[in-house]
2 protein chains.
Amino acid sequence: MMTKMESEQRIIRLQTELRAKGIDGALIIYPIDVYYFTGTRQNATLWVPADGNPLLLVRKSYSRAVKESLIEDTRPFPSSKEFPALFPDSVRKVGITFDIVPVQQYNYYAKMLPGREFVDISGSNRELRSVKSTWELERMRESGARLSEVFTQIPSFLKAGMREIDLAAEFECRLRRAGSEGYVRMRAFNQELFQGLAVSATADQPGFFDGAVTGRGLSPASPHGASLEVIEPNSPVLMDFTGIFQGYIVDMTRIFAIGTLSPEFLHAFDTALSIQRYLVDNLKPGAICEELFAKSLEMAEAAGLGGNYMGAPGENAKFVGHGVGLELDEFPVLAQGFKMPLQAGQTIAIEPKFVIPGQGVIGIENTFAVTRGGGEKLTPLADDIVFL
Amino acid sequence: MMTKMESEQRIIRLQTELRAKGIDGALIIYPIDVYYFTGTRQNATLWVPADGNPLLLVRKSYSRAVKESLIEDTRPFPSSKEFPALFPDSVRKVGITFDIVPVQQYNYYAKMLPGREFVDISGSNRELRSVKSTWELERMRESGARLSEVFTQIPSFLKAGMREIDLAAEFECRLRRAGSEGYVRMRAFNQELFQGLAVSATADQPGFFDGAVTGRGLSPASPHGASLEVIEPNSPVLMDFTGIFQGYIVDMTRIFAIGTLSPEFLHAFDTALSIQRYLVDNLKPGAICEELFAKSLEMAEAAGLGGNYMGAPGENAKFVGHGVGLELDEFPVLAQGFKMPLQAGQTIAIEPKFVIPGQGVIGIENTFAVTRGGGEKLTPLADDIVFL
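Residues numbered from 1 in each chain as written. Chains lettered and ligands numbered in written order. Predicted model: local features only at pLDDT ≥ 70, side-chain atom pairs only at ≥ 80, totals over all residues. Heavy atoms only, no water.

Draft legend 1. Region of interest: the overall build of chain A. Along the backbone of chain A there are nine helices and 17 strands. A globule of 388 residues ought to have a C-alpha radius of gyration of about 21 Å, and chain A, at 22 Å, matches this closely. Across its three principal axes, chain A shows a C-alpha extent of roughly 70 × 40 × 35 Å. Per-residue burial over chain A gives 65% buried out of 388 residues. Element-wise, carbon and sulfur atoms account for 53% of the exposed surface of chain A, whose accessible area totals about 13,100 Å². Of the side-chain charges in chain A, 39 are positive and 47 negative, and the distance between the mean point of each set is 6 Å. (Helix = DSSP H or I, 4+ residues; strand = E, 2+ residues; numbered from the N terminus. Rg over C-alpha atoms; globule rule 2.2 N^0.38 Å. Buried < 20%, exposed > 50% of the residue type's maximum accessible area, 1.4 Å probe, protein only. Areas by Shrake-Rupley, 256 points an atom, 1.4 Å probe, with all protein chains shown as cover. Lys, Arg positive; Asp, Glu negative; His and termini not counted. Charge placed at Lys NZ, Arg CZ, Asp CG, Glu CD.)

Below is the structure:
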């Protein structure tokens, strides 16, 4: 359980940020942000003034929020009549995360607080959350250990001739028994993921997912992850799954093969490991995100695999790593255009992968913490391809 | 797979609606709405002019969208320079679903289309989607049959002494093998659900979820569904799960008990069945949503169970049924304040439930279609409590 000190330190960081930007306070509306600052993910809105004490207003369930909330002033959500009086006239400029709050919610608060200026704090909120505390790093390590343990069970049930969906079902069952919470939070409006991808025959299919691999899925309505196709021998089986414990997500990928893999795949896998090694060595405070991606792309190109890097030719994603924590798509992103330097305590899933159309996908993924000594691996399992 | 005629008919209905409201066109941005009108759930935006042909603009994956899209004019998403030229000056008033589109997305399109007025079409879009076509009803029937089949397997693995999470894992595994797509779409900003609830000891815990039952979940970060608590004999085990096939969700609940249940529970269960019977008899075009709810509450009160209806005393949800289809929380809602009349072809999960604090939860849930003869049951399984 989150401690009161965690909540206090996070709120102090937010308040420091607000004061530096001349914002009088933040209305935290998104449930996952609310949880991050308060310790409760009930249906509630958090008001954090730049100076003074935060206030948690709870819609449902109030009785449960009171038990969990680390915010001293936790109240039932006020009526529309009472709401405005909670905000003194001195509050002129209010921060809201425009990236995730729907227009209807925004309009509701704008109506409640007439005459105020609303500004977007999405970027700074995401950056703040990207740096994990000691307690959060402990949670991430625990999530990594537990997910890794489930991965060790894969050889006991992976068989040639089973459908991708059956492989997914077997893995997901063990993941849940191990206590994974299942629901993967993604911040991006148009993204969704159901626990992970168990894909082989359909691993090379392009898709909406902002990653190297999407899979075909079961229908055009749910076009990601496992399909009804059968797993064949001598072809890479890609297991890319999240584990979620106390809300903290880790993300990892391993490759399995029943039989052997072609030299082309083995060459691509070695290249993925080299890229991972380079990135881990450089996962240090101050390293520039887009430079890490650019260097990884260079390495892929040098190996003759530039066109296959992070997607099929023409469908290549322009990143090699993404922040992960309470959401799967946190900051920072090791991507073209991300000029920010890494900070110690950020946690990043690094996933160099190669898509060979008509043949399959191969690569590696682990979650790391940024430290002065380079990436600390949070998903403690050997990287090797597992041949069955 | 969705047919071209489905897509065309849905777009014609939307255009009729737009013209009636004097709106020049709709920008459909939310992926599930995009799927509904186009047959593809890639990352794309759909422009539907009040008159003329729709235009699908695809971010990712274009190659996959081209294969799936039922919209003749499907193109790659244009650059910010090219975008405005796609919209003639005659387009003055543009509809957007304010309930789900984030402020950042809204601002992007507002910037691309300067001088235009943007209006909220959330309500009419949700109403439009609530009425299912013959083809959609076929999908819902299929989803209902497949989910019901998985429910019949429960007695083979439910045992006293197992943890709620183990029961969830066993069920979810079979649900996935049966082809359920897993990811449950909810439209409400602050709601989320992982497949369903397998709860007994913690079934009575209040929570953020807009329903009678939330469960404790595995941590305050993921506070819904199964917990680590053990299932005891002589206590109701509530299995409330979704099944999702070709995107279409059905929702059902059954009660299991190892041993016996107290007369208090049996009385509450009989009351739930009576309420369901009343509602099914009246699930006809023209019936007023809030009147159906009010009558159901009266029946609960007459049985001496008003305080326990749809939640623990003080935490009662004010509804007894919710629309279901591509999302779990569709229109209509059989709730206080919903004055709209039912329409033939709407599909509604009806779920009278009673929460007895400290003891457990009992009730029933099935998904029905509104027909002139009353509710057609789409989840064909006996309603009885299964005693093991």
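Text resumes after the structure shown.
Draft legend 2. Spotlight on the packing of aromatic side chains. All names here are of chain A. Overall, the coordinates contain 36 aromatic pairs over all chains when judged by the stated rule. Ring plane angle 70° and centroid distance 5.2 Å describe the contact between F151 and F171, whose orientation is recorded as edge-to-face. Note that F151 is positioned in helix α6 (residues 134-151) and F171 in helix α7 (residues 164-177), a separation of 20 residues in sequence. No difference in accessibility class separates F151 from F171, as the two residues are buried. Every member of this aromatic cluster is reached through a ring pair, and the members are W47, F77, F83, F87, Y108 and Y109. It is R59 that lies over the ring of F77; its NZ or CZ is 3.8 Å from the centre. (Phe/Tyr/Trp six-rings, centres within 6.5 Å; stacked < 30°, edge-to-face > 60°. Lys NZ or Arg CZ within 6 Å of the ring centre and 35° of its normal.)

Draft legend 3. The arrangement of the packing of helix α1 (residues 4-20) of chain B against helix α2 (residues 31-38) of chain B in detail. Residue and element names in this part refer to chain B. It is at 7 Å that the axes of α1 and α2 come closest, and there the two elements cross at 115°. Across the interface between the two elements, S7, R10, I11, R13 and L14 of α1 pack against Y36, F37 and T38 of α2. When the residues that make up the contact of α1 with α2 are grouped by side-chain class, the tally is four nonpolar, two polar and two charged. (Axes fitted to C-alpha atoms, helices over the stretch in contact; angles between N-to-C directions. Contact = heavy atoms within 4.5 Å. Nonpolar A, V, L, I, M, F, W, Y, C, P; charged D, E, K, R; others polar.)

Draft legend 4. Layout of the relation of the copies chain B and chain A. Note on the copies: chain B fits chain A at an RMSD of 0.0 Å, the axial shift is 0.0 Å, and the rotation between them is 180°. The symmetry that links the two subunits is that of a two-fold axis. Taking the C-alpha atom as reference, chain B places P102 of chain B closest to the rotation axis, 1.9 Å from it. (Least-squares fit on C-alpha atoms with pLDDT ≥ 70 in both.)

Draft legend 5. Structural view of the sheet that holds strand β17 (residues 386-387) of chain A. Residues and elements named next belong to chain A. Pairing is mixed across the open sheet formed by four strands, whose spatial order is β7-β8-β9-β17. Every interior strand has two partners, whereas the edge strands, β7 (196-199) and β17, have only one. Packed on one face of the sheet, α6 meets β8 (237-245) and β9 (248-257) and runs near 25° to β9. (Pairing = 2+ DSSP bridges.)

Draft legend 6. Quick peek at the UniProt feature "domain: Peptidase M24" (unreviewed entry) in chain A. If you check UniProt for "domain: Peptidase M24" (unreviewed entry), the listed places come out as residues 138-371 of chain A in our numbering. Secondary structure across residues 138-371 of chain A divides into 26% helix and 21% strand, with the first and last C-alpha atoms of the span separated by 14 Å. (UniProt positions renumbered as here; feature names shortened; annotations may be inferred.)

Draft legend 7. Representation of the domain arrangement of chain A. Residue and element names in this part refer to chain A. Split by domain assignment, chain A resolves into domain 1 (4-129) and domain 2 (131-387). The centre of domain 1, based on its C-alpha atoms, is set 33 Å off from the matching centre of domain 2. Tallying the contact residues gives 18 residues for domain 1 and 16 residues for domain 2. Considering only the side of domain 1, the residues that lose the most area to domain 2 are R126, E127 and R129, jointly responsible for 41% of the buried surface there. With a closest N to O distance of 3.1 Å, R187 and D33 form a salt bridge. Across the domain 1-domain 2 interface, the total number found is ten residue pairs in polar contact (both at pLDDT 80 or more). Elements represented by at least two residues in the side of domain 1 that touches domain 2 include exactly α1 (4-20), α2 (31-38) and α5 (122-130). (Domains from an automatic or database assignment. Buried area = accessible area lost by both parts, 1.4 Å probe. Salt bridge = Lys/Arg side-chain N within 4 Å of Asp/Glu carboxyl O. Polar contact = N/O pair within 3.5 Å; in protein donor to acceptor, adjacent residues only side chain to side chain.)

Draft legend 8. Spatial organisation of the environment of G182 of chain A. Considering the arrangement of structural elements, one finds G182 of chain A in the loop between α7 and β7. According to the relative accessible area criterion, G182 of chain A is buried, its value standing at 3%. Taking C-alpha positions, G182 of chain A is 33 Å from A287 of chain A, a pair spaced 105 residues apart along the chain. Residue contacts for G182 of chain A: discarding those within four places in its chain leaves R176, Q195 and I244 of chain A together with F194 of chain B.

Draft legend 9. Highlighting the side chain of T379 of chain B. Here T379 of chain B lies in the loop between β16 (376-377) and β17 (386-387). Polar contacts involving the side chain of T379 of chain B include one to the side chain of N366 of chain B, which spans 2.9 Å.

Draft legend 10. Fine view of the UniProt feature "domain: Creatinase N-terminal" (unreviewed entry) in chain A. Annotation from UniProt places "domain: Creatinase N-terminal" (unreviewed entry) at residues 10-131 of chain A. What you have in residues 10-131 of chain A is 37% helix and 23% strand, and the ends, taken at the C-alpha atoms, are 10 Å apart.

Draft legend 11. Inspection of the interface of chain B and chain A at higher detail. If you look at the interface, chain B gives 68 residues, while chain A gives 68 residues. A buried area of about 6,100 Å², summed over both sides, lies between chain B and chain A, and 55% of it is on carbon and sulfur atoms. Looking only at chain B, the three residues that lose the most surface to chain A are R176, Y183 and F189 of chain B, adding up to 13% of its buried area. Applying the counting criterion to the chain B and chain A interface returns eight salt bridges.

Draft legend 12. Main features of the environment of P49 of chain B. All names here are of chain B. The residue P49 is located in strand β2 (residues 43-49) in this model. Each C-alpha atom of the pair P49 and A26 lies 6.3 Å from the other, and the pair is 23 residues apart in sequence. Setting aside chain neighbours within four positions, we find P49 in contact with Q15, D24, G25 and P54.

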